[in-house]
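Here is what each chain is made of, one letter per residue.
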Amino acid sequence: MAAAVSALGGLGIPDPDGGGSSGSEDEARPGTAAAAAAQKREERLRKFRELHMKRNEARKLNHQEVVEEDKRLKLPANWEAKKARLEWELKVEEKKKECAARGEDYERVKLLEISAEDAERWERKKKRKNPDLGFSDYAAAQLRQYQRLTRQIKPDLEQYEKLKEQYGEALYPTSDSLLHGTHVPSKEGVDRMVADLEKQIEKREKYSRRRPYNDDADIDYINERNAKFNKKAERFYGKYTAEIKQNLERGTAV
């Protein structure tokens, strides 16, 4: 029987039993391909849904950022500084309440929390009063000069008490008081004023001294402003124009 089956196979005639098994395999292959295609489709749909959710989340976050930025732009320019200042004040108030509840002195507790470097920096800042920020306008310069001069004044308390006993309430003028010609300054006060004015004049002369005038120098300007301009031009371009200038002076310029 086995020999007959092998002979039929050699002639190319299919075996009835073998033909049935290959047919079932052919029927199973389309089902497997459909399942694989459905699985790929489901995977793609899942990725598409994830991308869709991510896009919606990004759109939502962008909208929130736009709203927050619009709120910030509508706030005052110094809102961040004001907010930080208010938060700091709230923290200070809470700290004061905690110290009061514990029966401690807030100023002492605050000083214990300050480092030595911060304390030194604040002391230097306090000493650096009325700093010179450069010239802005004459009013600011005049105010700075006034503040500097008033800080130098040392009040005479003894003279003040004498005047207070002498004039009483009249020492404190009102809108109805007439002070013109009633006050006579002391000789010491006049001397202090004269010494201070002389000191100011001396300092001003050192600060803004005029350059000496040379009578033998060539006059190649029409006014002081033009003279300054010519000096600047000579300083920057003199070495390039020296030969031309000499030829013009000799009359041999081409």
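Just so you know, these numbers come straight off a predicted model, no measurement behind them.

A. Representation of the overall build of the protein in the model. A count of helices and strands for the protein gives 9 helices and 0 strands. Ordered by position from the N terminus, the helices and strands of the protein form the series α-α-α-α-α-α-α-α-α. When each of the 254 residues of the protein is scored for burial, the buried share is 4%. Counted over contacts in the protein with a minimum sequence separation of 6, partners at least 24 positions apart contribute 14%. With an accessible surface of roughly 24600 Å², the protein has 56% of that area assigned to carbon and sulfur atoms.

B. Summary view of the packing of helix 6 (residues 138-152) against helix 8 (residues 187-207). Put simply, helix 6 and helix 8 touch, their axes get as near as 13 Å, and they point 135 degrees apart. In terms of their interaxial angle, helix 6 and helix 8 are classed as oblique. Considering the relative orientation of helix 6 and helix 8, their crossing is right-handed. Counting all contacts with helix 6, which are made through Gln145, Arg148, Leu149 and Gln152, the residues of helix 8 involved are Asp196, Gln200 and Lys203. Classifying every residue of the contact of helix 6 with helix 8 by side-chain character gives 1 nonpolar, 3 polar and 3 charged.

C. A nonpolar patch on the surface, seen in detail. On the surface, Val190, Met193, Val194 and Leu197 cluster together into a nonpolar patch covering about 320 Å² of accessible area. Among the secondary structure elements, Leu197 is positioned in helix 8.

D. Here's a closer look at the pattern of salt bridges. Summed over the entire model, instances satisfying the criterion amount to 9 salt bridges. Residue Arg49 pairs with Glu42 through a salt bridge whose shortest N-O separation is 3.6 Å. Arg49 gets classed as partly exposed once you look at its relative accessible area, which sits at 43%. Residue class for Glu42 comes out partly exposed when judged on its relative accessible area of 44%. Between Arg102 and Glu104 there is a salt bridge whose closest N-O contact spans 3.2 Å. Residue class for Arg102 comes out partly exposed when judged on its relative accessible area of 47%. A single network of salt bridges, built from pairs that share partners, joins Glu43, Arg46 and Glu50.

E. Quick look at a negative patch on the surface. Together, Asp218, Asp220, Glu234 and Glu249 make up a region of like negative charge exposed at the surface. Given a relative accessible area of 61%, Asp218 falls into the exposed group.

F. Spatial organisation of the side chain of Gln200. Take Gln200: it is sitting in helix 8. At 2.7 Å, the side chain of Gln200 and the side chain of Asp196 are in polar contact.

G. Examining a positive patch on the surface more closely. Together, Lys228, Lys231, Lys232 and Arg235 make up a positively charged patch on the protein surface. Within the secondary structure, Lys232 sits in helix 9 (residues 224-250).

H. A look at the packing of helix 3 (residues 79-102) against helix 4 (residues 106-113). Closest axis-to-axis distance for the helix 3/helix 4 pair is 9 Å, and the angle between their directions is 115 degrees. Crossing hand, helix 3 versus helix 4: right-handed. Contacts from Val92, Lys95, Lys96 and Cys99 in helix 3 reach Tyr106, Val109 and Glu113 in helix 4. When its residues are assigned to classes, the contact of helix 3 with helix 4 shows 4 nonpolar, no polar and 3 charged.

I. Expanded view of the confidence of the model for the protein. Looking at the protein, pLDDT values average 78 and 81% of them are 70 or higher. Scored below 50 in pLDDT, residues 1-14 makes 2 contacts in the model with residues more than four places away or belonging to other chains.

J. Here's a closer look at the side chain of Asn247. Of note, Asn247 is situated in helix 9. Side-chain polar atoms of Asn247 contact the side chain of Arg250, separated by 2.6 Å.

K. Highlighting the environment of Thr150. Here Thr150 shows up in helix 6. Of the polar contacts made by the side chain of Thr150, one reaches the backbone oxygen of Gln147; its length is 2.9 Å.

Conventions and cut-offs
- Residues numbered from 1 in each chain as written.
- Predicted model: local features only at pLDDT ≥ 70, side-chain atom pairs only at ≥ 80, totals over all residues.
- Heavy atoms only, no water.
- Helix = DSSP H or I, 4+ residues; strand = E, 2+ residues; numbered from the N terminus.
- Buried < 20%, exposed > 50% of the residue type's maximum accessible area, 1.4 Å probe, protein only.
- Contact = heavy atoms within 4.5 Å.
- Areas by Shrake-Rupley, 256 points an atom, 1.4 Å probe, with all protein chains shown as cover.
- Axes fitted to C-alpha atoms, helices over the stretch in contact; angles between N-to-C directions.
- Parallel < 35°, antiparallel > 145°, perpendicular 65-115°, else oblique.
- Left-handed = near helix turned anticlockwise from the far one by under 90°.
- Nonpolar A, V, L, I, M, F, W, Y, C, P; charged D, E, K, R; others polar.
- Patch = residues over 30% accessible without salt bridge, like charges linked within 9 Å, V, L, I, M, F, W, Y side chains within 5 Å.
- Salt bridge = Lys/Arg side-chain N within 4 Å of Asp/Glu carboxyl O.
- Lys, Arg positive; Asp, Glu negative; His and termini not counted.
- Charge placed at Lys NZ, Arg CZ, Asp CG, Glu CD.
- Polar contact = N/O pair within 3.5 Å; in protein donor to acceptor, adjacent residues only side chain to side chain.
- pLDDT = per-residue confidence, 0-100.

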